[in-house]
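# Chains, contacts and geometry: an overview
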Amino acid sequence: MPFRATGIPTEVWEEIFEWLCIDRQLPSRRLGLVCRWWKETLLNLPTIWRTVEIDLFHFPSFDVLRDRLIRRLRHAKGLNVDVILSGTTNWAISMTPEEYWGLLRTVVELAPVERWRSLWITNGRVPDSMPMASGIFVGKFTSLRMFSLDQTFAYPRLTGHVHSELFQLLADSRPPLQYLCLTGSTVPPELEPLTLPKTLTSICVNVCLLNKRQCEQLAHYDNVETRRQFGIPGFGNSGKIILPGCVTMTRLFYGTLPRFDFNNVQTLNIDRIMGWIDPDLIVDLPNLQMLSLKPCYPWYLRMFHAPNVQKLKLGGVYDTGEGLKTSRNKIRIAIVSLFRDNRHLLTINPASLTIDLEGITDGMLVVMLEAWPQLKHLSMTLNSDFQCHWIFAHKLRKKSSPLCPQLETMYMEVLWHARSRKWRLWKEVARDMMLARRDGPLESILWKNWWFGVESVTRDDLLNANAAYDS
């Protein structure tokens, strides 16, 4: 029986299929095998066929890949397409230069560069043959909105040389880009004179790859992500790179922090700070509202002077290279030193805290929460080793001087099964906590596991239970 007999409109099925392919994944052949109606719906939905990928790592055969590309481009029915060129880090490439450039020529013939909506070139090695690449890319990138070039593990001599004609056309076209990503150790010389368009709203780049004029433009964008910053020169009158309101920094080198101006930053996400940390360094963030740190080493928190932070997100702590046991003991001593003995050095006082408890014991968590009695919203991700029903739970359900007395909402993600002993214990803890704080601001406690088991205790539950008991 066809699945459309369930009474669900066709438009709803189309939205479901589009959602399944939202991450640029190709539609599975199995979807078309469910029934004839599903197959016809998939073939007549051009939005899910607009992704064109040449992947040298998962390369079946030239004929199969060529037929697949032709079929996808015909099903796209004239829509703008997303082109992905994935190289390989292996020296042995099964695809010959004739096959690689033949596939690209087929793509350009069926979907000219004027129809390219996005272009993603990932790191790796591609077949090199300049005479075969000549004359393939003609026209202008008039519809290109997203461009990403990742050469983190690429072979710059080969990759930049092979796609030089493509890069030159991109620089000459000056497309209305909205997203630009340039990562790796080098930028092809054809892209060095590329002018960052005013239409950009988000940019992801290794700042070392930008020239002075491009660095000065970073402050005009809504969202900037920087990756692997090493040896940044000074720019501007202040000798610093001015950052916009929303910034994400991945693998930030400690020595580059003084080269940035954070005065305009309101949202800052940092994933790894590399290098030795100077205990006397202070980074001023006067307008910061939201801070995310991964991992949440205490010396990171001490380094940032951000008195206006309202939301704080902390990742777990991991091995610092000295062994797991030694690392945890070192982190425990640092947490006690900062949050209890030198509380005046901690300028961050958030109203909302989201924390991953990987590598953090309940004793460490208690010390941290005791330093932040103003917390109103608490969200935690618990691992299987965290003993939440001991010190942490006892402090939460105390009637006098409880932990986080201003708490309004509490949310937890756990690894326990809904029928496990820990789940039942926490259910009792949550009810005792809500009962002990019935005269306080606490409104709800919600917890769930990865298997979609969700349970909660709210103030209304207590009121209804009391009303039923009185009656």
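Data block above holds the structure.
Attention here is on the structure that accompanies the text.

Analysis parameters
Residues numbered from 1 in each chain as written. Predicted model: local features only at pLDDT ≥ 70, side-chain atom pairs only at ≥ 80, totals over all residues. Heavy atoms only, no water. Helix = DSSP H or I, 4+ residues; strand = E, 2+ residues; numbered from the N terminus. Buried < 20%, exposed > 50% of the residue type's maximum accessible area, 1.4 Å probe, protein only. Areas by Shrake-Rupley, 256 points an atom, 1.4 Å probe, with all protein chains shown as cover. Core = buried A, V, L, I, M, F, W, Y, C linked by side-chain atoms within 4.5 Å. Contact = heavy atoms within 4.5 Å. Phe/Tyr/Trp six-rings, centres within 6.5 Å; stacked < 30°, edge-to-face > 60°. Salt bridge = Lys/Arg side-chain N within 4 Å of Asp/Glu carboxyl O.

Scanning the protein from terminus to terminus reveals 15 helices and 20 strands. Here the protein holds 471 residues, and 47% of them are scored as buried. Carbon together with sulfur atoms contributes 52% to the accessible area of the protein, which is approximately 23700 Å² in total.

This paragraph deals with the nonpolar core. Ranked by size, the top nonpolar core spans 116 residues in total, and within it Trp116, Phe147 and Met410 carry the most contacts. Discounting residues that sit within four places of it in the chain, phenylalanine 147 has contacts with Leu119, Ile121, Phe167, Leu170, Leu177, Tyr179, Leu180, Cys181, Leu182 and Leu191. Among the nonpolar cores identified, the runner-up in size contains 10 residues, and Phe17, Trp37, Ile48 and Trp49 belong to it.

Taken as a whole, this structure holds 8 aromatic pairs when the rule is applied. Measuring from centroid to centroid gives 6.2 Å for tryptophan 120 and tyrosine 179, while their planes differ by 35°, and the two rings are tilted. Placement of the pair is tryptophan 120 in strand E3 (residues 116–121) and tyrosine 179 in strand E5 (residues 179–184), with a sequence separation of 59 residues. Per residue, the accessibility class of tryptophan 120 equals that of tyrosine 179, and both read buried.

Attention now moves to unusual backbone geometry. The omega torsion of the bond from lysine 294 to proline 295 falls at -10°, within 30 degrees of zero and hence cis. Looking at the secondary structure, you find proline 295 in the loop between strand E13 (290–294) and helix H10 (298–303). Unlike most non-glycine residues, serine 401 shows phi in positive territory, near 50°. Inspection of the secondary structure assignment puts serine 401 in the loop between helix H13 (391–396) and strand E18 (409–414).

A few words on the pattern of salt bridges. Considering all chains together, one arrives at 5 salt bridges under this definition. One salt bridge connects arginine 340 with glutamate 370, and the closest N-O pair in it is separated by 3.2 Å. Of the two residues, arginine 340 sits in helix H11 (residues 324–341) while glutamate 370 sits in helix H12 (residues 362–370), which places them 30 residues apart along the sequence. Bridged by salt links that share partners, the residues Arg340, Glu370 and Lys395 form one connected network.

None of this, on its own, says anything about what the molecule does.
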